[in-house]
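Observations on chain architecture
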Amino acid sequence: MEQTVRTGQSPVNQHVFETNPELGAKVLTVLDRIGRGSGPALAQRLQLQQAKHMLDIGGGAGTNAMAFCREYPGLSATVFDLPQTLTVTKQCVEDAGLSDRIQFQAGNFHEDAFQGTFDVALMSDILHYQDGKTNAALVAKVYGCLIPGGRLIIKDRFL
């Protein structure tokens, strides 16, 4: 932490899901629990009745995608996350009975392209561990997959 404060540079250059899958699974459980509390209220506040397809970038267990699909019956979602994370996501989505409305794209959101175009893109809790230049590039990339008039939703916590 001292080095980060002194230099302003994050020591993180890979996500925990890539460096330590066991710890990543534990983090995913915590994020899922947080999302179960905040996801439904977030979905409700956003007024997305007209949206048809949402991209959930770094969507983890699919918690937000499921909350949004429950709130908006006409919405389908694509969860984009690392392949090892999506094994958990697929099971969660299946258990929730939403397999017909939620699809999956495996990849690293910094390196791999998003397939398709979307009315809404959600970036939830993925910006706080990256620097400004990296985040700006990711936001630009996400913007590129939105339809004209599409909405980018950013939800994060910064310590």
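Check the entry above for the structure.
All of these numbers come straight from a predicted model, not from anything done at the bench.

About the criteria used
Residues numbered from 1 in each chain as written. Predicted model: local features only at pLDDT ≥ 70, side-chain atom pairs only at ≥ 80, totals over all residues. Heavy atoms only, no water. Helix = DSSP H or I, 4+ residues; strand = E, 2+ residues; numbered from the N terminus. Expected span 1.5 Å × (residues − 1). Buried < 20%, exposed > 50% of the residue type's maximum accessible area, 1.4 Å probe, protein only. Arc of directions from axis to C-beta. Polar contact = N/O pair within 3.5 Å; in protein donor to acceptor, adjacent residues only side chain to side chain. Contact = heavy atoms within 4.5 Å. Pairing = 2+ DSSP bridges. Axes fitted to C-alpha atoms, helices over the stretch in contact; angles between N-to-C directions. Core = buried A, V, L, I, M, F, W, Y, C linked by side-chain atoms within 4.5 Å.

Points about helix H5 (residues 83–95)
The end-to-end C-alpha distance of H5, which contains 13 residues, comes to 19 Å, matching closely the 18 Å that a straight helix rising 1.5 Å per residue would cover. Along H5, the residues that are buried comprise Thr85, Leu86, Thr89 and Val93. One face of H5 carries all of its buried residues, which in axial projection span an arc of 90°. Opposite the buried face of H5, at more than 90 degrees from it, the exposed residues are Thr87, Glu94 and Asp95. The first or second residue beyond H5 is Gly97, which carries a positive phi of 75°.

Focus: the side chain of Thr89
With respect to the helices and strands, Thr89 occurs in helix H5. Polar side-chain contacts of Thr89 include one of 3.1 Å to the backbone oxygen of Thr85. When sequence neighbours within four positions are dropped, the list of residues in contact with Thr89 reads Gly60, Ala61, Gly62, Val79 and Phe104.

Here we look at the sheet that holds strand E4 (residues 118–124)
What the five strands build is an open sheet, ordered E3-E2-E1-E4-E5; its pairing is parallel. Both outer strands of the open sheet, strand E3 (102–106) and strand E5 (146–155), are each paired with one neighbouring strand and no more. Averaged over all neighbouring strand pairs, the angle between strand axes comes to 20°, with direction disregarded. Where strand E1 (residues 53–57) meets E4, four bridges bridge the pair, whose relative direction is parallel. Counterpart to Asp56 in the pairing with E4 is Leu122. Across the sheet, helix H4 (residues 63–71) touches E1, strand E2 (76–81), E3, E4 and E5, and the angle it forms with E1 is around 160°. Sitting on the sheet, H5 touches E2 and E3, and the angle it makes with E3 is about 170°.

Remarks on unusual backbone geometry
Peptide bonds are, in most cases, trans, and in most cases residues other than glycine have a negative phi. A positive phi angle, close to 55°, is found at Gln47, a residue other than glycine. Residue position: Gln47 is located in the loop between helix H3 (21–45) and E1.

Things to note about the nonpolar core
In this structure, Leu48, Met54, Phe68, Ile102 and Ile153 are the most contacted members of the largest nonpolar core, which totals 21 residues. Every element with two or more residues in this core is listed here: H3, H4, E2, H5 and E4. Of all the elements, H4 adds the most residues to this core, at four residues. Aside from chain neighbours lying at most four places away, what touches Met54 is Asn64, Ala65, Phe68, Leu75, Ser76, Ala77, Thr78, Phe118 and Val120. In terms of nonpolar packing, the next biggest core, distinct from the first, is built from 15 residues, Leu55, Met123, Tyr129 and Leu138 among them.

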